[in-house]
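Next come the chains, spelled out residue by residue.
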Amino acid sequence: MPARLITLGHINGVMGVKGWVKVFSHTRPREGIFDYGVWHLTRDGVPIQVVKLEQGRSQGKGLVAKLEGVADRNAALALVGLEIQIT
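All figures in this text were calculated on a predicted structure; none of them were measured in a lab.

Novice: Explanation requested: the overall build of the protein chain in the structure shown.
Specialist: When helices and strands are counted, the protein chain shows one helix and six strands. Listing every helix and strand of the protein chain by position from the N terminus yields β-β-β-β-β-α-β. Taking 2.2 N^0.38 as the reference for a compact globule, 87 residues should give roughly 12 Å; the C-alpha atoms of the protein chain span a radius of gyration of 12 Å, in line with that estimate. In the protein chain, buried positions account for 36% of the 87 residues. Long-range contacts, defined here as pairs at least 24 residues apart, represent 62% of the contacts in the protein chain between residues at least 6 apart. A total of about 5,300 Å² of accessible surface is found on the protein chain, and carbon and sulfur atoms cover 53% of it. For the protein chain, the distance from the average position of its 11 positive side-chain charges to the average position of its 7 negative side-chain charges is 6 Å.

Novice: I keep staring at the sheet that holds strand 2 (residues 20-25) and nothing clicks. Help me out?
Specialist: Backbone-to-backbone hydrogen bonds join strands into a sheet, with any given pair of strands oriented parallel or antiparallel. With antiparallel pairing, six strands are arranged side by side around a closed barrel as 1-2-5-4-3-6. Across the sheet, the mean angle separating the axes of adjacent strands is 50° when strand polarity is ignored. The pairing of strand 3 (residues 38-43) with strand 6 (residues 83-86) spans three bridges and is classified as antiparallel. For His40, the partnering residue across the bridge sits in strand 6 and is Gln85.

Novice: Teacher, can you tell me more about the packing of aromatic side chains here?
Specialist: Ring pairs (aromatic) are described by centroid distance and by the angle formed between their planes. Under the definition given, this model contains zero aromatic pairs. Taking NZ or CZ as reference, Arg57 lies 4.4 Å from the ring centre of Trp20, over its face.

Novice: How should the environment of Pro47 be read in this particular structure?
Specialist: Assignment of secondary structure puts Pro47 in strand 4 (residues 46-59). For Pro47, a relative accessible area of 63% corresponds to the exposed category. Spatially, the C-alpha atom of Pro47 lies 17 Å from that of Ala75, the residues being 28 residues apart in sequence. Excluding residues within four positions of it along the chain, Pro47 makes contact with Leu41 and Thr42.

Novice: Help me out: how do you make sense of the pairing of strand 4 in this one?
Specialist: Looking along a regular strand, one sees the side chains alternate between the two faces of the sheet. As paired elements, strand 3 and strand 4 share six bridges and run antiparallel to each other. When the sheet's bridge partners are listed, His40 is paired in strand 4 with Val50. Hairpin geometry of strand 3 and strand 4 is characterised by an intervening segment of two residues between the two adjacent antiparallel strands and by a positive phi of about 55° at Asp44. Across six bridges, the pairing between strand 4 and strand 5 (residues 62-67) is antiparallel. From the neighbouring strand, Gln59 faces strand 5, where its bridge partner is Gly62.

Parameters at a glance
- Residues numbered from 1 in each chain as written.
- Predicted model: local features only at pLDDT ≥ 70, side-chain atom pairs only at ≥ 80, totals over all residues.
- Heavy atoms only, no water.
- Helix = DSSP H or I, 4+ residues; strand = E, 2+ residues; numbered from the N terminus.
- Rg over C-alpha atoms; globule rule 2.2 N^0.38 Å.
- Buried < 20%, exposed > 50% of the residue type's maximum accessible area, 1.4 Å probe, protein only.
- Contact = heavy atoms within 4.5 Å.
- Areas by Shrake-Rupley, 256 points an atom, 1.4 Å probe, with all protein chains shown as cover.
- Lys, Arg positive; Asp, Glu negative; His and termini not counted.
- Charge placed at Lys NZ, Arg CZ, Asp CG, Glu CD.
- Pairing = 2+ DSSP bridges.
- Axes fitted to C-alpha atoms, helices over the stretch in contact; angles between N-to-C directions.
- Phe/Tyr/Trp six-rings, centres within 6.5 Å; stacked < 30°, edge-to-face > 60°.
- Lys NZ or Arg CZ within 6 Å of the ring centre and 35° of its normal.

Structure, rendered in structure tokens:
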């Protein structure tokens, strides 16, 4: 039986040119999303990829994250709109 996934938020934009993504979090506190080191990225419940969280922080009024293997703006743009889920 596949592991059950729980949605914690989604990627809603990019920041800079080094692959950082903007994150919308449903967790309380919102920074709690960074407590989970492995994210399952999905679109409409369909798995896209599994990524490791390298860094995460508050940035202004939002949150930003650096994901392993996402090294530039184009790679980050490809993730915009994906849901962040955990097992």
